[in-house]
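Given next are the chains, with one letter for each unit.
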Amino acid sequence: MSAPAYLWGQLSRALDAHRDRRTAKILEAITGIEAGRITVGIPVPTKGMPAWVTPEVIRGGFATGHAAASGPLTDSEQALAAEHGIPATRAALFQWALTDTGLSWLATLLDQQRYEVRLPEQAALLTVVHLLRTGHPDEAAAVLDGVRRYADQLQFLPTPLRAPVPDGVHIATISDAVTALEQKKPHRQVEAQRVTNAIWNPFTDELVGLWWSTRDEGGTIGRAFPDGWESRAQDLLDVHDALTEEHDLPARHRKPGSTVQILLTATRAVLAGDRTQVQRARTVVADVVAKRGAPGSQTLRTLRRAQQEDAAKPSHAVLAKGTADVLRPHADVLTATPLDLIVGTPGEHLPFVRRTVDRARHAPVGQLVHVGIIRSAEGLAEVAPQLAGPAVAARYTEPVAGQLAAATFTAFQNRRTVLLLDLRKQVQVTALPWYQALAETSETTGSDRVGLVRQANTLSKHAVESFPGTVLPNAFLRVLAELYRQADLALPVTYELAADIFTGGFSRTFVDAGRIAHGLVADGRSDLYARYYGLGVHAPATEKAFAAEARRRAGVTTDRRWRSTAVAGSIIEQAQVLTTHNLALVVHAGATIDWEAAAFAAFVRTVQPELYAAQQERGLRQRKKAASAWRQVVFALTMAGEDATDRFLERARKAATGHRAGGRSLALLADLDRARRGQTVEEPFTGWVVRHDDR
C-alpha cells in the first residue's frame, strides 16, 4: 500500500517549516504504510497492536505505528523509581506495582482519589487493585494477563497527585505549561539584534575609531595615519575574522555598501598600499559621527550603554525556561489560579508566559469560556470528556469505582481518532479490558440514565450558546454519543465526513438522524427549515434512498464515481441539511437552548464575518463556514417560532445594513423571509461550489 498524497504534502510543509519532530512522525507514518505495518482506513491500523492500546496519531488521522503510552519514562515514573530504589524501566515499575508495597501505594491513591489518568492504559493497574479488593481475583488476573506482555513498553501506572481532582475542567495542566515554556525558542530577529548590540556595535565603534584617528589638523579623515595604525588595523581585521567564526554577521553588516564592509575594504586596501578607498571611508565615518557622535563622546557612550544593558537582559526564551523551573515542583497541582505560582518570577509579566500558564487554569467551563481560555467549539471538545466524567461516575454506587471509571472514560475520550474508510467505526471504550471488567463487576444505580442524558444536554447547550454558528466537532460528538450510549439512549449521532475520502455511501445512522430531523422541522407546525431548504414530504427510509436524495439535492445526476472533491463535499453538505447535523438530535434528547438568542448570535458572530471573508480570494473555506452557520440560524429560528423569526429579521436587517458583507447578508435574509411567508427559495445558501462539468 502506498502512502496517501496527503501525507507527502504534510511532509513537504513540515520540512519547509523546519519542524523536525513533526517531520519525523510523518516519516514514521509513511514508512509504516509503505512497509505494510500500518493499514490506512481501519480502526486498528497498526499490525499486531491490540485494539485497547492507544495509538499515536498525527494530523489527518494517520497512525505512526507507535503507542501513545510508550516513549521515555515520564517525570512521575522517574520520581517513583528513584523514591523506591527501583531500576528506571517500565518493566521494573510494573513488577514493583504488584508487590505488597506497590499494591498499597495504588490502593492509597484510589482511596484518596489522588491520581491522574491521561492515557487509558494508566488506569489498568488501578483497576487490578480495585478488582482484588472487591473480591474479583479472576477478573484481575485476566486484566494482568492481557497487559503483561507490554509491561516494558507502556505506562500502566497513574500520575500521583497531591490532592484529589477538584471540581472543574482544564485545557492544559501545569505539566503541559512546563513543557511549553521549556520549548520556547528564541526569536531569531531579537537574538540577532542582541548579538548586534553586544558584539558588532562595539566592533563597529572600534573600526570607526580606527579611521577617526587618521584626521589631520583640519579634521579631514584619512590624511594623517598615526604610528602603529597598521598594527592596530591588522589586529581589528583578525578580530573580525574571529568574530565571524563565532557569531553570525547580521545581514545589514554583510551588505557591500554597509558601514562595516566599506571600512573593512578600505582598511585592507590601505594595508596593501592602496589609498583609493580612503574617500569612501571618509564619507562613511563622517556620516556615522554625525548620526551617533564621535568615538568616545558622551552621546555615543550613552547610546552604547543602553544597547549593552538591553543585550544583557535575558531573552524571553530564557525567562520562559526559568518560569518552567519554578513551576516544575507544582506539575501535579490543579488550581484555579495558576498565575499565583509564578508571582515574583522574572518572566511573570511576559504575555507568552502568562497565556501559557493561565491555560492550566482548572475552573468551571463557563469561566474558561468567559476569560477566553476556551475560544472555540474545538476547545470545548477538549474538555467535554472531563465534563462527562462526573455523569459516568454517578452510575456507580461505590465512589472509588465511579471515580476510576470516570477517569478511564475521560482519558479514552481524549484518544485521537484514526482515519476510517467504508463507514467503519472507531474503537469504543468497551475495548479496554479493565474498563469492561470494572463495569461488569460493579453495582450501578438505577438513576444513572437521567444524569448521563442531563450531562449530554448540558454539553450541547454549552456548545450552541457559547459558540453559535460553529459546527459541532467530531471529538465533541464522540463524547455526546458515548453519553447517549451509556444511558441506553439509541440516538443517531452523525459525524462530519471528509470529502477527499468520501466513497458515496451513508450508514443507517444518517437515515435514522434524517428521520428524527424531518419529524422535527417538517411537522407542519414549525417548518421554516423544511421550507427554506425544500425538504421532501417524507424522510428517506433506507441507506440507498438517503444517498440518492443527497445526490439529487447536490445536483449529481449520475451514480458513477465523481471526479471532484467539491462534488463529494456538496453531497455531504446535503446530508447535513437532511439531518441538521445533530441539531435536531440534541432537541430530541431534551436539551434546553435559547434558540432565538443563538440564531442572532450565529448571524452576527459567524455568518456575517465569514461571508465577508468569503468575498476575498480563495474564500471557499469561509463560504462553507458561513453556510454551515446559516443552516444553524435557520434551524434555531424554526425551533424558536414565528414571532422569534419576525424579531430576528428586524434585528438582523439592522445589523446587516452598513456591514461589509451587508449585500449578501440582506439577500440571505430576503430568502429567509420568503420561506417564512411560505414561498419557495430558489437557491438555498450552500457552502460547496461545484462546476457543472464535475457533476
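Here's what I pulled together on the structure shown here. Note that the structure is predicted; figures quoted are calculated from it, not measured.

1. A word on helix α20 (residues 433–441)
Next, step 1: If you check which residues of α20 are buried, you get Trp-434, Tyr-435, Ala-437, Leu-438 and Thr-441. Projection of α20 onto a plane perpendicular to its axis shows the buried side chains occupying an angular sector of 165°, all on one side.
Next, step 2: Next to the buried residues of α20 lie α6 (124–133), α7 (137–147), α18 (377–393), α19 (399–413) and α22 (474–486).

2. Some remarks on the layout of surface pockets
One water molecule sets the probe size; rolling that probe over the atoms shows where empty space is left.
Next, step 1: There is about 410 Å³ of room inside the second largest pocket.
Next, step 2: Lining the second largest pocket we find 21 residues, and of these Arg-553, Gln-574, Glu-683, Pro-684 and Thr-686 sit closest to its centre.
Next, step 3: At the level of secondary structure, the elements contributing two or more residues to the lining of the second largest pocket comprise α25 (543–554), α26 (565–579) and α31 (662–676).
Next, step 4: With four residues, the single largest contributor to the lining of the second largest pocket is α26.
Next, step 5: Along the lines of polarity and charge, the residues of the lining of the second largest pocket split into nine nonpolar, four polar and eight charged.

3. Here's the deal with helix α2 (residues 20–34)
Next, step 1: Look at α2: 21 Å from first C-alpha to last across 15 residues, which is about the 21 Å you get at 1.5 Å a residue.
Next, step 2: Where α2 is concerned, the buried positions are Arg-22, Thr-23, Lys-25, Ile-26, Ala-29, Ile-30, Gly-32 and Ile-33.
Next, step 3: Where α2 is buried, its residues meet α1 (5–16), β1 (55–58) and β2 (62–67).
Next, step 4: Where α2 terminates, the next one or two residues include Gly-36, which has phi positive at roughly 85°.

4. Describing the pattern of salt bridges
Next, step 1: Taken as a whole and assessed by the stated rule, the structure comprises 25 salt bridges.
Next, step 2: Across the pair Asp-111 and Arg-133 runs a salt bridge, and its minimum N-O distance is 2.8 Å. Residue Asp-111 is located in helix α5 (residues 100–112), and its partner Arg-133 is located in helix α6; the two are separated by 22 residues in the primary sequence.
Next, step 3: Here Asp-111 falls in the partly exposed class, since its relative accessible area comes to 46%.
Next, step 4: Among the residues examined, Arg-133 registers a relative accessible area of 42% and is labelled partly exposed.
Next, step 5: Among the salt bridges present, the one from Arg-676 reaches Asp-673, with a minimum N-O distance of 2.7 Å.

5. Concerning the packing of helix α28 (residues 595–614) against helix α30 (residues 642–656)
Next, step 1: Viewed as axis vectors pointing N to C, α28 and α30 meet at an angle of 25°, and their least axial separation amounts to 10 Å. Here α30 runs roughly parallel to α28, going by the angle between their axes. Regarding α28 and α30, the two cross each other, and that crossing is right-handed. Seen from α28, the contacting residues are Glu-596, Ala-599, Phe-600, Phe-603, Val-604 and Gln-608; seen from α30, they are Ala-644, Arg-647, Phe-648, Arg-651, Ala-652, Ala-655 and Ala-656.
Next, step 2: Looking at the contact of α28 with α30, its residues break down into nine nonpolar, one polar and three charged.

6. Points about the environment of Thr-397
Next, step 1: Here Thr-397 shows up in the loop between α18 and α19.
Next, step 2: Here Thr-397 falls in the partly exposed class, since its relative accessible area comes to 44%.
Next, step 3: Residues Thr-397 and Tyr-6, spaced 391 residues apart in sequence, show a C-alpha to C-alpha distance of 48 Å.
Next, step 4: Excluding anything up to four places from it in sequence, Thr-397 contacts Glu-443, Thr-444 and Thr-445.

About the thresholds
Residues numbered from 1 in each chain as written. Predicted model: local features only at pLDDT ≥ 70, side-chain atom pairs only at ≥ 80, totals over all residues. Heavy atoms only, no water. Buried < 20%, exposed > 50% of the residue type's maximum accessible area, 1.4 Å probe, protein only. Helix = DSSP H or I, 4+ residues; strand = E, 2+ residues; numbered from the N terminus. Arc of directions from axis to C-beta. Contact = heavy atoms within 4.5 Å. 1 Å grid on protein atoms, 1.4 Å probe; cavity = no way out; pocket = protein on both sides within 12 Å on 5 of 7 lines; lining within 4 Å. Points joined across faces, edges and corners; volume = space filled by probe spheres on them. Nonpolar A, V, L, I, M, F, W, Y, C, P; charged D, E, K, R; others polar. Expected span 1.5 Å × (residues − 1). Salt bridge = Lys/Arg side-chain N within 4 Å of Asp/Glu carboxyl O. Axes fitted to C-alpha atoms, helices over the stretch in contact; angles between N-to-C directions. Parallel < 35°, antiparallel > 145°, perpendicular 65-115°, else oblique. Left-handed = near helix turned anticlockwise from the far one by under 90°.

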